[in-house]
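Here are the chains, one letter per residue:
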Amino acid sequence: MIFRRKLRYVLVESTSALNLADKAVEHSLKAGIRAFMGEATYFRSNPRVAAQLSDNVFAISCNRGCERSVILALAFTKDIGPIRTGLFTIKTSGTMRSLKSHFEKLYEKGESA
Amino acid sequence: MHYFDIVALKDTAGLDALAKRLGYKKIFSAGSDFTLASEAKGIDPNCKAIVRSKNGEMLLRAIRENAVVGVVIEDVKPSGKFLEGLRSHEKVLVIPAAPLMCPDLESRARSLHRAKELLRSAIMSRVDVALATLAADRACMASSAQMLEIAGLIGANVTAAKAMLSAMGRLI
């Protein structure tokens, strides 16, 4: 049997600029989420950085049905390595295309993040 | 349903645009939209005020003032008399979410437990409850979706969570 992964994408805004291409920063973000969720819920939701859309806006993918746990964990994640930041979830969607279109609507029409 | 948040930020630049992004109709700021006081004395009767204190007796006096729309009770268990006073004067008990997300001295689990007990007492006494960040730092703010999840974490059902996030809109 082939299992097809159904994903949900969460658009996240950070109060500080984060370079998630840097593996150390990405690892710290995942560690912060895991510290709040616990190993079992982290494994079940499988959160990953899906795309960095600007300096302080990025998308996180997770398994469908687990997005609420990810949203809650992001609210409680305040330290990413040495960076003190707040992570705000802006929108949850089933496709990256919809998320990117929402991002363009919100941030690229004169409203700076 | 529209959601509202209240904050105690020093720098309120760009707050309206941020409110739109975070899913709020408006984020009320202490100092401009309402007064955040530590005691009931000296509050302008023409403005709206929220009183934050650890002193239960003082808060009991504060809820008799017309200018006071809500109270924040800190670090103490509310007495039955205090909750009865809140209900009879139709004031709102504000639960701040910033200490849950950015705990200072006590652990996060303890802060969450305290908030859960406070919410339980308030709901049992049929007191109006509002959940707001009351953040002094932008990092301690949260989006409306996150606040709904936090309300669920401390024991509110979906209907109660939505009511808690919209409560401040009709008062300020």
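We now turn to the structure provided with this report.

Each value, and the rule that gives it
- Residues numbered from 1 in each chain as written.
- Chains lettered and ligands numbered in written order.
- Predicted model: local features only at pLDDT ≥ 70, side-chain atom pairs only at ≥ 80, totals over all residues.
- Heavy atoms only, no water.
- Pairing = 2+ DSSP bridges.
- Helix = DSSP H or I, 4+ residues; strand = E, 2+ residues; numbered from the N terminus.
- Axes fitted to C-alpha atoms, helices over the stretch in contact; angles between N-to-C directions.
- Contact = heavy atoms within 4.5 Å.
- Buried area = accessible area lost by both parts, 1.4 Å probe.
- Salt bridge = Lys/Arg side-chain N within 4 Å of Asp/Glu carboxyl O.
- Polar contact = N/O pair within 3.5 Å; in protein donor to acceptor, adjacent residues only side chain to side chain.
- Disulfide = S-S within 2.5 Å.

Looking now at the sheet that holds strand E5 (residues 68–73) of chain B. All names here are of chain B. The sheet built from five strands is open, its strands ordered E3-E4-E5-E6-E7 with parallel pairing. Lying at the two open borders of the sheet, with one neighbouring strand each, are strand E3 (35–37) and strand E7 (128–132). This sheet shows a mean twist of 30 degrees between the axes of neighbouring strands, independent of strand direction. In the sheet, E5 pairs with strand E6 (residues 92–96) via two bridges, with the strands oriented parallel. Of the residues in E6, the one forming a bridge with Val71 is Leu93. Contacting E5, E6 and E7, helix H5 (residues 108–124) runs over the sheet at an angle of about 165 degrees to E6.

Before going further, it helps to spend a moment on the sheet that holds strand E1 (residues 7–14) of chain A. All names here are of chain A. In space, the four strands of this open sheet follow the order E2-E3-E1-E6, with antiparallel pairing throughout. Edge positions in the open sheet fall to strand E2 (48–54) and strand E6 (87–93), since each of these has one partner strand only. On average, adjacent strands in this sheet sit at an angle of 25 degrees to one another, irrespective of strand direction. Bridge count for E2 against strand E3 (residues 57–63) is five bridges, and the pairing is antiparallel. Note on E3: the bridge partner recorded for Arg48 is Ser61. Across the sheet, helix H3 (residues 67–76) touches E1, E3 and E6, and the angle it forms with E6 is around 165 degrees.

Counting from both sides, the interface comprises 22 residues of chain A and, opposite them, 22 residues of chain B. Here chain A and chain B share an interface that buries about 1800 Å² over both sides, 61% of which is from carbon and sulfur atoms. Notably, a salt bridge pairs B:Arg21 with A:Glu13, separated by 2.7 Å at the nearest N-O pair. Here chain A and chain B share six residue pairs in polar contact (both at pLDDT 80 or more) between them. Listing elements by their share of the side of chain A that touches chain B, those giving two or more residues are H3, E6 and helix H4 (96–107) of chain A. Per element, the largest residue contribution to the side of chain A that touches chain B is six residues, and it comes from H3(A).

We now examine the state of the cysteines. Residues and elements named next belong to chain B. Here the structure, examined in full by the defined rule, presents one disulfide over all chains. Two residues share a disulfide in this structure: Cys102 and Cys140, whose sulfurs sit 2.2 Å from each other. Here the S-S torsion is close to -125 degrees, and the disulfide linking Cys102 with Cys140 is therefore left-handed. With Cys102 in the loop between helix H4 (98–101) and H5 and Cys140 in the loop between E7 and helix H6 (144–153), this pair connects stretches of sequence that are 38 residues apart.

The analysis is restricted to geometry; functional conclusions fall outside its scope.
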